[in-house]
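Report on the structure
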Amino acid sequence: MAVQPIRLFGDPVLRTPAAPVETFDKELRRLVRDLTETMIDAPGAGLAAPQIGVSLRVFTYWVDDEPGHLVNPDLDLSDELQIGDEGCLSLPDLAFETPRSLRVVAKGMNMHGEPVVIEGSDLLARAVQHETDHLDGILFIDRLDPEARKEAMRMIRASEWFGEATPTIQASPHAISSRWL
Ligand code: NI
């Protein structure tokens with residue numbers, strides 16, 4: 001197993017825009033495997049490389065029992081929106097209604113450097129947007145209206161995990177939900 005510790009809010013890597021992947025080598029394939037195993041172990045519906053401390057534009061997703069990954073994503077978003085609860089493995093125990101585009105077409109590469117297109121709606125579209133945000137140093141709480149964001153920050157500051165030197169918490173035990181991204 002190559003399950004990695006998940007970085008938590010407060011870790012600067014989560015606010016750092018990730019670099020495009022240029023080399024499709026064994027290291028990249030190992031990164032995709034680590035991300036997939038860590039995501040499934042959490043469990044989560046998606047995981048971005050910065051969340052395990054790697055500042056590269058790679059994420060995995062796990063929706064409808066089908067794990068997948070995307071390298072160097074480029075998104076085309078629908079104008080039509082969806083509203084639903086969203087959470088993040090880097091912000092344990094927090095979930096807020098977060099607006100997202102209903103549908104997404106994501107172009108990128110697979111780990112072998114071959115072009116791929118992921119088309120999805122609902123949770124898959126939400127996961128792809130959430131993970132691509134991670135690659136830009138954006139967290140879902142940034143997508144909330146100011147009032148909800150303030151409430152989220154209050155909950156973060158009050159949480160047990162916030163400010164821990166060593167991130168040990170991966171997800172709460174009751175987080176067996178597909179909304180953790
Ligand atoms: Ni997340």
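A brief structural summary. (Residues numbered from 1 in each chain as written. Predicted model: local features only at pLDDT ≥ 70, side-chain atom pairs only at ≥ 80, totals over all residues. Heavy atoms only, no water.)

Along the polypeptide, Trp62 turns up in strand 2 (residues 58-63). What makes Trp62 partly exposed here is its relative accessible area of 26%. Spatially, the C-alpha atom of Trp62 lies 12 Å from that of Ala48, the residues being 14 residues apart in sequence. Discounting residues that sit within four places of it in the chain, Trp62 has contacts with Met39, Ile40, Pro43, Gly44, Ala45, Gly46 and Pro67. (Helix = DSSP H or I, 4+ residues; strand = E, 2+ residues; numbered from the N terminus. Buried < 20%, exposed > 50% of the residue type's maximum accessible area, 1.4 Å probe, protein only. Contact = heavy atoms within 4.5 Å.)

For the rest of this paragraph, the subject is helix 1 (residues 26-41). The terminal C-alpha atoms of helix 1, which comprises 16 residues, lie 22 Å apart, in line with the 22 Å expected from a rise of 1.5 Å per residue. Within helix 1 the residues assigned to the buried category are Leu28, Leu31, Val32, Asp34, Leu35, Thr36, Thr38 and Met39. Looking at the buried residues of helix 1, the elements they touch are strand 1 (46-48), strand 2 and strand 3 (66-77). (Expected span 1.5 Å × (residues − 1).)

Within the secondary structure layout, Thr98 lies in strand 5 (residues 91-101). A relative accessible area of 0% places Thr98 in the buried class. Engagement of the side chain of Thr98 in a polar contact is seen with the backbone oxygen of Phe96, the distance being 2.9 Å. Ignoring any residue separated from it by four or fewer positions in sequence, one finds Thr98 in contact with Gln82, Ile83, Gly84, Glu86, Arg126, Phe140, Arg143 and Leu144. (Polar contact = N/O pair within 3.5 Å; in protein donor to acceptor, adjacent residues only side chain to side chain.)

This part takes up the pairing of strand 4 (residues 81-88). Two strands pair when backbone bridges link them, and strand 4 and strand 5 are joined in this way by 8 bridges, in the antiparallel orientation. Within strand 5, the position partnered with Gly87 by the bridge is Ala95. Once strand 4 ends, the chain turns through 2 residues before running back antiparallel as strand 5. (Pairing = 2+ DSSP bridges.)

Backbone torsion omega between Ala42 and Pro43 reads -10 degrees, so that peptide bond is classified as cis. In this structure, Asn72 takes a positive phi of about 50 degrees despite not being glycine. Here Asn72 lies in strand 3.

One finds Phe59, Ile118, Leu124 and Val128 to be the most contacted residues of the largest nonpolar core, which totals 16 residues. Within the residue set of this core, elements represented by two or more residues are strand 2, strand 6 (103-109) and helix 2 (122-135). With sequence-adjacent residues up to four places away left out, Leu124 is seen in contact with Tyr61, Val63, Ile118 and Glu119. Membership of the second largest hydrophobic core comes to 15 residues, among which are Cys88, Phe140, Ala148 and Met153. (Core = buried A, V, L, I, M, F, W, Y, C linked by side-chain atoms within 4.5 Å.)

The next subject is the pairing of strand 3. Sheet analysis places strand 2 next to strand 3, joined by 6 bridges and oriented antiparallel. Note on strand 3: the bridge partner recorded for Val58 is Val71. Taken together, strand 2 and the strand that follows it, strand 3, pair antiparallel across an intervening segment of 2 residues, in which Asp64 is found at a positive phi of about 55 degrees. Relative to strand 6, strand 3 is paired through 5 bridges, and the arrangement is antiparallel. Its bridge partner being in strand 6, Asp76 is matched across the sheet by Val105.

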